[in-house]
Amino acid sequence: LALTMKCILIPRHGEDIDNLTCSENFPSPARKAGQVLVKVQACALAPGDIRVMKGHCDYFQPPRGFPYIPGGDISGIVQEADENSRFKRGDRVLCMFEVPRPLDGLAEYACAKEHLVEKIPDDMSFVDAAALTSSALASYNACESFVKPGDRVLILGGSGGCGTFLIQMAKNKGASYIATTSSESELVKALGADVCIDYHKEKFWQITAFKEDPFDIIIDLGVGRYEAWKMARNSGVLKAGKDGGRYLTFSGDEPHMKVHNMWQTVKFALSILPRVVWTRLWPFVPRYLHHINGLEVKPGCFAKIMDMKLRVVIDPHSVTSPLDLEGVKWAFHVMDKQAGHGKVVVQVAST
């Protein structure tokens, strides 16, 4: 292993994506016991990369120091592992970042704890493998815990990183009907959605057909905010709790929350927890649920996800030139604007 490597660096917190730099001689990581050292081939971006960069949630998502390497969902080739590890040099793998924040992925080499690593099939591309990691996991955990066979499902944000997986997984779970909000009708229908609601033209809570045959579950992938919950609760498009109706949110009322201290942490919790409790006690409204354990890695979960043979949607703004700084900056702009369709992935190596 070379003593130095090429990587993308963020020198400080800030809103300006142009602060990203590229280093050709940053110190390579030193593997610790229980970790796997990987030669990175691709790295998928996620909303957490923007939060960490801007420092919006630095109370619980701080980098280890500055400068730091962004990106957390990677795929690559194992270089080193423990002697008794289930991985060996040359294995093709995907690796998820360690919660609570994505770090270290946009580099030629990275280390990951072994329980966050899984082998990938020979016929899976490194780009697809990186794209699967945390987004497919969050979608898988949501389906396993909250979607039931026969459910009528509405997904808010169906063409994003999680949404493109969630549509397919809900279909696989036996959902009888899937609607989604998106501007990409052709894409989401190809993935299995029955209906696409163009949110630029109509509001899901105003559609008569949904009031006549309400949903069992609405899954808000961080796009609906409080208004979506309020209108879902009051408009009649979602069943009451006594009839099995539930509203699952991935982010709460504010997708772009800011948490810099304990008080703001408590404030965020108090915006969610009372609603979770009172909707459970009052059965005449839908139950409100928060996907707090969305990134829990259970034994075998990544293997089960890969066995589903999901279609992986790669956003056209993905970076195909290895660690191209201008391309990475543009990819961060796409993530910042929540303008991606599918997953935004950065090619790290050419082989």
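Right above here is the structure, for reference.
Because the structure is predicted, anything quoted here is derived from the model rather than measured.

J.: It is not clear to me how the sheet that holds strand 13 (residues 287-290) should be interpreted in this structure. Could you clarify?
T.: Read from one edge of the open sheet, 6 strands run 10-9-8-11-12-13, paired in parallel fashion. Of all strands in the sheet, those bounded by a partner on one side alone are strand 10 (195-197) and strand 13. Sheet twist, expressed as the average angle between the axes of neighbouring strands with direction ignored, equals 20 degrees. When strand 8 (residues 152-156) meets strand 11 (residues 217-220), the two strands line up parallel, connected through 4 bridges. Along strand 11, the bridge assignment pairs Ile-155 with Ile-219.

J.: So what exactly am I meant to see when it comes to helix 3 (residues 161-173) here?
T.: Every α-helix winds through 3.6 residues per turn, so residues three or four apart in the chain are directed the same way. Look at helix 3: 19 Å from first C-alpha to last across 13 residues, which is about the 18 Å you get at 1.5 Å a residue. The buried fraction of helix 3 amounts to 10 of the 13 residues, a majority that puts the element mostly inside the structure. After helix 3 finishes, the residue Gly-174 shows a positive phi value of roughly 105 degrees.

J.: Looking at this structure, I do not really get the side chain of Gln-61. What am I missing?
T.: Looking at the secondary structure, you find Gln-61 in the loop between helix 1 (47-54) and strand 4 (73-80). One polar contact links Gln-61 to Arg-51, side chain to side chain, over a distance of 3.1 Å. There is a polar contact of 2.8 Å between the side chain of Gln-61 and the backbone oxygen of Pro-100.

J.: Looking at this model, I keep getting lost on the nonpolar core. Mind explaining?
T.: The tendency in soluble globular proteins is for nonpolar side chains to be buried as a group. One finds Leu-132, Ile-219 and Ile-305 to be the most contacted residues of the largest nonpolar core, which totals 50 residues. For this core, the elements supplying multiple residues, two or more each, are strand 3 (35-44), helix 2 (126-146), strand 8, helix 3, helix 4 (185-191), strand 11 and helix 8 (301-307). With 12 residues, the single largest contributor to this core is helix 2. Excluding residues within four positions of it along the chain, Ile-305 makes contact with Leu-132, Ala-136, Leu-137, Tyr-140, Met-169 and Leu-310. Val-38, Ile-50, Leu-323 and Met-335 belong to the second largest nonpolar core, which has 40 residues in total.

J.: For this particular structure, what's the right way to read the pattern of salt bridges?
T.: Taken as a whole, this structure holds 16 salt bridges when the rule is applied. Here Glu-80 and Arg-31 are joined by a salt bridge, their closest N and O atoms 3.6 Å apart. With Glu-80 in strand 4 and Arg-31 in the loop between strand 2 (21-27) and strand 3, this residue pair connects regions lying 49 residues apart in the sequence. For Arg-31, a relative accessible area of 26% puts it in the partly exposed group. Here Asp-104 ties to Arg-64 by a salt bridge, and the two come within 2.3 Å at their closest N and O atoms. Highlighted residues: Asp-104 in the loop between strand 5 (92-95) and strand 6 (109-113) and Arg-64 in the loop between helix 1 and strand 4, separated in sequence by 40 residues.

J.: For this particular structure, what's the right way to read helix 2?
T.: For helix 2, spanning 21 residues, the distance from its first C-alpha to its last is 30 Å, which sits close to the expected 30 Å at 1.5 Å a residue. Bending of helix 2 peaks at approximately 45 degrees at the position of Thr-133. Counted residue by residue, helix 2 has 17 buried out of 21 residues, so it is predominantly covered.

J.: Sorry, what's going on with the packing of helix 1 against helix 9 (residues 325-336) here?
T.: Relative to each other, helix 1 and helix 9 sit at 100 degrees, their axes nearing to 9 Å. For the element pair helix 1 / helix 9, the angle class is roughly perpendicular. Residues Pro-47, Asp-49, Ile-50, Met-53 and Lys-54 of helix 1 form the contact with helix 9, whose participating residues are Phe-332, Met-335 and Asp-336. Here the contact of helix 1 with helix 9 is composed, by residue class, of 5 nonpolar, no polar and 3 charged.

About the criteria used
- Residues numbered from 1 in each chain as written.
- Predicted model: local features only at pLDDT ≥ 70, side-chain atom pairs only at ≥ 80, totals over all residues.
- Heavy atoms only, no water.
- Pairing = 2+ DSSP bridges.
- Helix = DSSP H or I, 4+ residues; strand = E, 2+ residues; numbered from the N terminus.
- Axes fitted to C-alpha atoms, helices over the stretch in contact; angles between N-to-C directions.
- Expected span 1.5 Å × (residues − 1).
- Buried < 20%, exposed > 50% of the residue type's maximum accessible area, 1.4 Å probe, protein only.
- Polar contact = N/O pair within 3.5 Å; in protein donor to acceptor, adjacent residues only side chain to side chain.
- Core = buried A, V, L, I, M, F, W, Y, C linked by side-chain atoms within 4.5 Å.
- Contact = heavy atoms within 4.5 Å.
- Salt bridge = Lys/Arg side-chain N within 4 Å of Asp/Glu carboxyl O.
- Bend = angle between axes of the 7 residues up to and from the residue.
- Parallel < 35°, antiparallel > 145°, perpendicular 65-115°, else oblique.
- Nonpolar A, V, L, I, M, F, W, Y, C, P; charged D, E, K, R; others polar.

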